[in-house]
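# Coordinate inspection notes
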Amino acid sequence: MNPATHSARRAIPAGRARAGRWFGLAALLPLLTGCKNLELFNPMGSIAEQEMQLILVCTGLMLLVVIPVIILTLYFAWHYRESNKEATYAPTWSHSTAIEVVVWTIPCLIVVVFGVLIWKSTHALDPYRPIESDTPALRVEVVSLNWKWLFIYPDHNVATVNELVMPVDTPVAFKLTSESMMNAFFVPQLGSMVYTMPAMQTRLHLIGHTPGTYAGMSSAYSGSGFSDMTFDARVMTEADFDQWLAQSRGTAQHLDQARLAELEKPTHGAPMQRFASVDTGLFDSILRRYGGMPDDEICLPGEEPGAKSQLVSLAASASRTAEN
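All values derive from a computational prediction rather than experimental measurement. Within any chain, residue numbers begin from 1 and follow the written order of that chain's sequence. Local features are withheld for residues below a pLDDT of 70 in this predicted model, meaning they are given only at 70 or higher, and side-chain atom pairs are given and counted only at 80 or more; totals for whole chains, interfaces and linings count all residues. To get the side-chain values, all heavy atoms of the structure are used, and hydrogens and water are removed first.

### Remarks on the nonpolar core
Our working rule: For our purposes a nonpolar core is just a set of buried Ala, Val, Leu, Ile, Met, Phe, Trp, Tyr and Cys residues, chained together by side-chain atoms within 4.5 Å. Working definition: with a 1.4 Å probe on protein chains only, accessible area under 20% of the residue-type maximum means buried, over 50% means exposed, and in between means partly exposed. The helix and strand labels rest on DSSP assignments: H or I over at least four residues marks a helix, E over at least two residues marks a strand, and numbering proceeds from the N terminus. Contacts between residues were defined by any pair of non-hydrogen atoms, one from each residue, lying within 4.5 Å.
In terms of nonpolar packing, the biggest core is built from 33 residues, with V140, F151, Y153, L164, F174 and F185 touching the most fellow members. Taken together, the elements giving at least two residues each to this core come down to strand 2 (138–145), strand 3 (148–153), strand 5 (163–167), strand 6 (172–178), strand 9 (202–206), strand 11 (230–236) and helix 4 (238–249). Counting residues per element, this core draws most heavily on strand 11, which supplies 4 residues. Leave out the neighbours within four places in its chain, and L164 touches V140, F151, Y153, F174, F185, F231, D232, A233 and R234. Ranked by size, the runner-up nonpolar core spans 14 residues in total, among them L150, I152, L263 and I286.

Okay, here's the thing in structure tokens:
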């Protein structure tokens, strides 16, 4: 065979391989430049900001191991290839103190850093811990239905279906339960996910620093209507919140046990609804239906009945990032 022809035939696949690599890198560019479209990496509240930082720090620590391993694997495969006659050939080699120190010391240090980080973040980002603020917290009672979300505002005596409204820079204290099956409440741009369960009550504290409408969802499969179980989480100014309250009170709709029974019927794609008034103790009645206890009868570990829970400080810095 003509050597020139043979070389030309080998060059074609090599060129295609290089083109494929460049195409792969180009395909990744939208992912690298589109972080604003990823809700977890576009936080709009102090809790979400801290959680994003935690994700980035943990990812960076893991990459300290992953990236060198990938690079060294490729280097060893290339350097000790059969055609490289200059590479050291040591078939009886079995030990290197320097390598042992590196491969054990670095992972041990990373584990220690992870341990300290997990200990601090687990306590600082505990969803049960109230947020310290000069503004009184807004209380919201959340009930997961099939397949919709019910939000009750006990301090304002209004309720909504599939619409959560929060004043900007105001802590929101959630009490959550479920009418039938276990579910999960999640607003990715505001913070933590918390489960809802029948006869059980969970808590969550969030705060929004930027007015806007954010996607709320159920993050636990709960049947055929699960994909439609979404809601709008709206963060607005205090004036807009007062206007929203006035609009809700003007609907002339009352939420009582009979209306609740209608809402409990499974539906797909339930529309947003507002109620001008709510029966007192409606949330507790749902909780007690299966033997659960209201919030004032439950204490956190180490607390006495009626004791004030410890607070997590969310200092309002210029970047709106909370400080522990």
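Text resumes after the structure shown.
### A closer look at the sheet that holds strand 2
Selection criterion: At least two DSSP bridges between two strands are needed for those strands to be called paired. Every angle, taken between N-to-C directions, lies between 0 and 180 degrees, and every axis is a line fitted to C-alpha atoms, over only the stretch in contact when it is a helix.
Read across the open sheet, the 6 strands follow the order 9-6-2-3-4-13; overall the sheet is mixed. Here the strands that pair on one side only, and so sit at the sheet edges, are strand 9 and strand 13 (273–275). Along the sheet, successive strands turn relative to each other by an average axial angle of 20 degrees, direction set aside. Here strand 6 runs beside strand 9; their pairing, made up of 5 bridges, is antiparallel. Residue pairing for strand 9: K175 is matched across the bridge by R203. Here helix 4 sits on the sheet and contacts strand 2, strand 3, strand 4 (158–161) and strand 13; the angle it forms with strand 4, its principal contact strand, is near 85 degrees.

### Observations concerning helix 4
Applicable threshold: Helices are assigned an expected span. That span is 1.5 Å times one less than the residue count. Arc definition: it is the arc formed by the directions from the helix axis to the C-beta atoms.
The end-to-end C-alpha distance of helix 4 is 17 Å, a good match for the 16 Å that 12 residues give at a rise of 1.5 Å each. What helix 4 keeps buried is the set F241, W244, L245 and S248. Along the long axis of helix 4, the arc covered by the buried residues comes to 100 degrees, so they all point the same way. Looking at the buried residues of helix 4, the elements they touch are strand 2, strand 3, strand 4, strand 5, strand 11 and strand 13.

### Digging into the pairing of strand 2
In terms of residue burial, strand 2 counts as a mostly covered element, since 7 of its 8 residues are buried. Bridging between strand 2 and strand 3 involves 5 bridges; their strand directions are antiparallel. Paired with V142 across the bridge in strand 3 is F151. Counted between consecutive antiparallel strands, the loop separating strand 2 from strand 3 contains 2 residues.

### A short note on the sheet that holds strand 5
Read from one edge to the other, the open sheet built from 5 strands follows the order 5-11-10-7-8, with strand pairing classed as mixed. Strand pairing shows two members of the sheet lacking a second neighbour, strand 5 and strand 8 (194–196), which therefore form its edges. Ignoring which end each strand starts from, the neighbouring axes of this sheet average 25 degrees apart. With 5 bridges connecting them, strand 5 and strand 11 associate as parallel partners. Looking across to strand 11, one finds that L164 is bridged to A233.

### Quick notes on the confidence of the model for the protein
Under the convention used in this document: Each residue gets a pLDDT score, which is the predictor's confidence in that residue and runs from 0 to 100.
On average, residues of the protein score 83 in pLDDT, and 79% of them are at 70 or above. The low-confidence segment residues 309–324 (pLDDT under 50) makes 40 contacts with residues lying over four places distant or belonging to another chain.

### A word on the packing of aromatic side chains
The condition that has to hold: Any Phe, Tyr or Trp ring, taking Trp's six-membered ring, that has another such ring centre within 6.5 Å forms a pair; planes under 30 degrees apart are called stacked, those over 60 apart edge-to-face, and the others tilted.
According to the stated counting rule, one finds 11 aromatic pairs in the structure shown. Pairing Y75 with F76 gives two aromatic rings, centres 5.7 Å apart and planes at 55 degrees, and the pair type is tilted. What makes F76 partly exposed here is its relative accessible area of 43%. One aromatic cluster is present, formed by W149, F151, F174, F185 and F231 through successive ring pairs.

### A closer look at the side chain of S218
Under the convention used in this document: Side-chain atoms alone can form a polar contact between residues adjacent in sequence; in general such a contact is a pair of N or O atoms within 3.5 Å, and within protein one must be able to donate a hydrogen while the other accepts it.
Residue placement: S218 occurs in strand 10 (residues 212–218). For S218, the side chain forms a polar contact with the main-chain oxygen of A220, separated by 3.2 Å. Not counting the four nearest positions on each side in its chain, S218 is found in contact with W149, N183, A184, F226 and M229.

### Quick word on the packing of helix 2 (residues 46–79) against helix 3 (residues 97–124)
Helix-helix packing is described using two parameters, namely the angle between the two axes and the distance between the axes. Stated formally: Should an angle lie under 35 degrees it is considered roughly parallel, over 145 roughly antiparallel, and from 65 to 115 roughly perpendicular; all remaining angles are considered oblique. Here the term charged refers only to Asp, Glu, Lys and Arg, the term nonpolar to Ala, Val, Leu, Ile, Met, Phe, Trp, Tyr, Cys and Pro, and the term polar to all other amino acids, Gly among them.
Interaxial distance between helix 2 and helix 3 falls to 11 Å at its minimum, and their mutual angle equals 170 degrees. In terms of axis orientation, helix 2 runs roughly antiparallel to helix 3. Every residue of helix 3 that contacts helix 2 at L54, V57, C58, L61, M62, L64 and V65 is listed here: I110, V113, F114, L117 and S121. Of the residues assigned to the contact of helix 2 with helix 3, the class counts are 11 nonpolar, 1 polar and no charged.

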